[in-house]
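Okay, here's what each chain looks like letter by letter:
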Amino acid sequence: MPDNTKNMGKIENTENEWKQNVLDKRVSRFNLSKSPTRFYSPLAVKNSDFLNKVGFPGQYPYTAGNNPFDFWRAYAEDAAKMGYRPDWGGASGVGKYGGFGTAEDYRDYLIRMHSMGRTGGPNMAFDLVTQCGYDSDSSRAEGEVGRVGVAIDSFRDFATIYEPYTGNLEIDKVPSNFTINAPAAIIIAMYAVLAQKRGIPLEKLRGTPQNDILKEFIARGTYIYPPRQSMRLFRDICVFCTRQMPKLNINSMGGYHIREAGATRVQDLAFSMANAAAYIQAGISAGLAVDSFAPNLTFNAFGGSMEIYKEIALQRAARRIYARMLKERFKAGNPRSMMIRQPITAHIGCSSTTLQRPLNNLARAVVGGMAAGMSGGIPGAFPPYDEPLGLGHSQEAVQLQLDATRILIYEAKVADVNDPWAGSYFMESLTDEIETETLAEMEKIENMGGAIAAIENGYMQKAISKSAYKKQKRIERQEEFVVGINCFTGENELPVSVKREVEASYDPELMKTAEERQKAKLARLKRERDNKAVFSLLSTLEEHAKDESVNLMPDICDCVENDVSLQEICDVLRDVFGEFQQTKL
């Protein structure tokens, strides 16, 4: 941003004259109440301080990005020459997010992926039964086993998934991701026990559990225990991972699900930051130095939309807000503690995709990829166009997504410039605007007592519900347009479809029988295990759960090692902690 301080008065006078003599006349000519577009001049950023508010990529406050360039950019040309696919994963990352049916079904799916060269670590989606802390034989599980992810009832199931991961794919060589929240402690314990049984030191394990329980209360709904008791488990995980598994990320938080539930952009960012503050405070209150664990806090993603400029500004504002919160409020000294580490930056959000004329979703995803590339991330055309068509993306949709991303990188060269909007009157003004509104919302939550209090009193949930209602009404009234939904739907519009010739990602026949097979396995496990040991271990877990000072991770590790089921562990904690009852909206 050039220094226009001396000319500011002249610019202001000229702008007023322009509005009166040019803009207002144009608005009047078309019989409008106001201009449908905006123009930004230096007046929009009168008090801007480049070094304090933007800085350089890789330097505080990270508005312009976490690094001068990311690792993937360093090898982009080599990747193109060798035909590398990012979903290959390998030693550097996890494979594509997925999971279905039984552990055996998902294991076989991973083996098939490996045969196609996609050797990344498991990136697990769990079924709703597992996510809510039930076993497959629960009456509450009927019809849901293995449907939206893989069913995990016991350590045996977990170990089955990892059968293909040996040798060069051993679990100390490839990372794993676990999209799990309320029972996250149990899945992390299974990962630790698997390593111990294979003779692998825990400090070598890499990966990321989602473990973002607060957003479950706010938006997604797979909670079990009340917020404060749930945060006790987060505290135990945080301490256990920091001391025993230092390469494992502690969680993967963010506002993606919050926005998808209907939150506004500012609510998405403010609620995410309030949650982050609660997690950080939990670690500090447990006696950990902030720089000992904050570098292992990660973000999944914030929400997205089709409003490309605002999504770029959100990413820039988010990095600045988080960095300042860590440095000024929590006194972090390690630069890595102050960075938002996330695999996805700007994007459109899956809720922006449409079932009608689904190929339009590819165009939408490319818009999101442009925003990502201009906001510090990989210009990924996310999600695949068939996102709204059902569980599992087709191989064709994934191919188109990958090629769209490649075109943005190699042909459009979107990733060749860091923060291309730095210094723009428009973008700096928009970033400041989002930051100001977010900080005001964060202060409101802080005055309530923080994120946990704002969940307990229902503030966040009600705010999102109202925002979702208002957005839907705007679409219905055609105050917002969605192509093919509330506009351009006439008889002359052509529906375009794509024939799917590649086999489905998940076998629907296996999914039909998953529940029956899973229940049979669980019955066999309960017959074969040492049930006296199970009773003793659960009794100890119950006793320790009643003592706030005890870290429950060692007890949970003992339980999973001895074939105690996931629900049995959760039920003991339900009895001690209680279950959360959502506020009526």
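All of the points below concern the structure found in this document. The model shown is predicted, which means the values in this text are computed figures rather than measured ones.

Let's talk about the overall build of the protein chain
Logical step 1: Within the protein chain one finds 23 helices and five strands.
Logical step 2: For 585 residues, the compact-globule formula gives about 25 Å, and the C-alpha radius of gyration of the protein chain, at 25 Å, lands near that figure.
Logical step 3: When the backbone C-alpha atoms are referred to their principal axes, the protein chain occupies close to 85 × 55 × 50 Å.
Logical step 4: For the protein chain, buried positions account for 55% of its 585 residues.
Logical step 5: Summarising the internal contacts of the protein chain: among those between residues at least 6 apart in sequence, 77% fall at separations of at least 24.
Logical step 6: Accessible area for the protein chain stands at about 26,400 Å²; split by element, carbon and sulfur atoms hold 52% of it.

What to know about helix α17 (residues 425–448)
Logical step 1: If you check α17, its first and last C-alpha atoms are 35 Å apart, about what 24 residues at 1.5 Å a residue would give, namely 34 Å.
Logical step 2: Where α17 ends, the next residue or the one after it, Gly 449, has phi of about 115°, a positive value.

Some remarks on the packing of aromatic side chains
Logical step 1: Tallied over the entire structure, the rule returns 23 aromatic pairs.
Logical step 2: Geometrically, the ring pair formed by Tyr 309 and Phe 426 is edge-to-face, given 5.1 Å between the ring centres and 90° between the ring planes. Of this pair, Tyr 309 sits in helix α14 (residues 308–329) while Phe 426 sits in helix α17, and the two are 117 residues apart along the sequence.
Logical step 3: Each member of the aromatic cluster is reached from another via a ring pair, and the members are Phe 158, Tyr 162, Tyr 165, Phe 178 and Tyr 191.
Logical step 4: The ring of Tyr 60 has Lys 327 lying over it, and the distance from NZ or CZ to the ring centre is 4.2 Å.
Logical step 5: If you follow Arg 574 out to its NZ or CZ, it ends over the ring of Tyr 134, 4.3 Å from the centre.

Some thoughts on the pattern of salt bridges
Logical step 1: For the coordinates displayed, the defined rule picks out 41 salt bridges.
Logical step 2: Note that Arg 259 is salt-bridged to Glu 311, the shortest N-O span being 2.9 Å. One end of the pair, Arg 259, is in helix α11 (residues 256–260); the other, Glu 311, is in helix α14, and 52 residues separate them in sequence. For the pair shown, Arg 259 and Glu 311 are each scored as buried.
Logical step 3: A salt bridge links Arg 320 to Glu 435, with the shortest nitrogen-to-oxygen separation between them at 2.9 Å. Here Arg 320 is found in helix α14, whereas its partner Glu 435 is found in helix α17, with 115 residues between them in sequence. The burial state of Arg 320 is the same as that of Glu 435; both residues are buried.
Logical step 4: When salt bridges that share partners are traced, they join Arg 259, Arg 265, Asp 268, Glu 307, Lys 310 and Glu 311 into one network.

Thoughts on a nonpolar patch on the surface
Logical step 1: Among the surface-exposed residues, Trp 18, Val 22 and Phe 39 lie close enough to one another that they form a single nonpolar patch of about 320 Å² accessible area.
Logical step 2: With respect to the helices and strands, the residue Trp 18 is situated in helix α1 (residues 8–29).
Logical step 3: On the basis of relative accessible area, Trp 18 is assigned to the partly exposed category, the value being 32%.

Re the side chain of Lys 53
Logical step 1: With respect to the helices and strands, Lys 53 occurs in helix α2 (residues 50–53).
Logical step 2: Classification of Lys 53 as buried rests on a relative accessible area of 19%.
Logical step 3: Among residues more than four places away in sequence, those in contact with Lys 53 are Pro 61, Thr 63, Arg 320, Arg 324, Asp 432 and Glu 435.

Notes on the layout of surface pockets
Logical step 1: If you add up the space inside the second largest pocket, you get close to 1,700 Å³.
Logical step 2: Along the wall of the second largest pocket there are 47 residues; nearest its centre are Arg 265, Ser 305, Glu 307, Lys 471 and Glu 480.
Logical step 3: Elements supplying a minimum of two residues to the lining of the second largest pocket: α11, α12 (265–285), α14, α17 and α19 (459–476).
Logical step 4: No other element matches α19, which puts seven residues into the lining of the second largest pocket.

Section: the environment of Leu 359
Logical step 1: Along the chain, the position of Leu 359 falls in the loop between α14 and α15 (360–373).
Logical step 2: Look at Leu 359 and you get partly exposed, because its relative accessible area is 22%.
Logical step 3: In this structure, the C-alpha to C-alpha distance between Leu 359 and Val 496, residues 137 residues apart in sequence, is 7.0 Å.
Logical step 4: Apart from residues lying up to four places away in sequence, Leu 359 is in contact with Tyr 385, Val 496, Ser 497 and Val 498.

A look at empty space enclosed by the protein
Logical step 1: Within this structure, the stated rule accounts for four cavities of 30 Å³ or more.
Logical step 2: The computed volume of the largest cavity comes to approximately 90 Å³.
Logical step 3: Along the wall of the largest cavity there are 14 residues; nearest its centre are Gly 95, Lys 96, Leu 110, Met 113 and Arg 118.
Logical step 4: Take the lining of the largest cavity: its biggest share by element is five residues, from helix α5 (residues 103–115).

About the thresholds
- Residues numbered from 1 in each chain as written.
- Predicted model: local features only at pLDDT ≥ 70, side-chain atom pairs only at ≥ 80, totals over all residues.
- Heavy atoms only, no water.
- Helix = DSSP H or I, 4+ residues; strand = E, 2+ residues; numbered from the N terminus.
- Rg over C-alpha atoms; globule rule 2.2 N^0.38 Å.
- Buried < 20%, exposed > 50% of the residue type's maximum accessible area, 1.4 Å probe, protein only.
- Contact = heavy atoms within 4.5 Å.
- Areas by Shrake-Rupley, 256 points an atom, 1.4 Å probe, with all protein chains shown as cover.
- Expected span 1.5 Å × (residues − 1).
- Phe/Tyr/Trp six-rings, centres within 6.5 Å; stacked < 30°, edge-to-face > 60°.
- Lys NZ or Arg CZ within 6 Å of the ring centre and 35° of its normal.
- Salt bridge = Lys/Arg side-chain N within 4 Å of Asp/Glu carboxyl O.
- Patch = residues over 30% accessible without salt bridge, like charges linked within 9 Å, V, L, I, M, F, W, Y side chains within 5 Å.
- 1 Å grid on protein atoms, 1.4 Å probe; cavity = no way out; pocket = protein on both sides within 12 Å on 5 of 7 lines; lining within 4 Å.
- Points joined across faces, edges and corners; volume = space filled by probe spheres on them.

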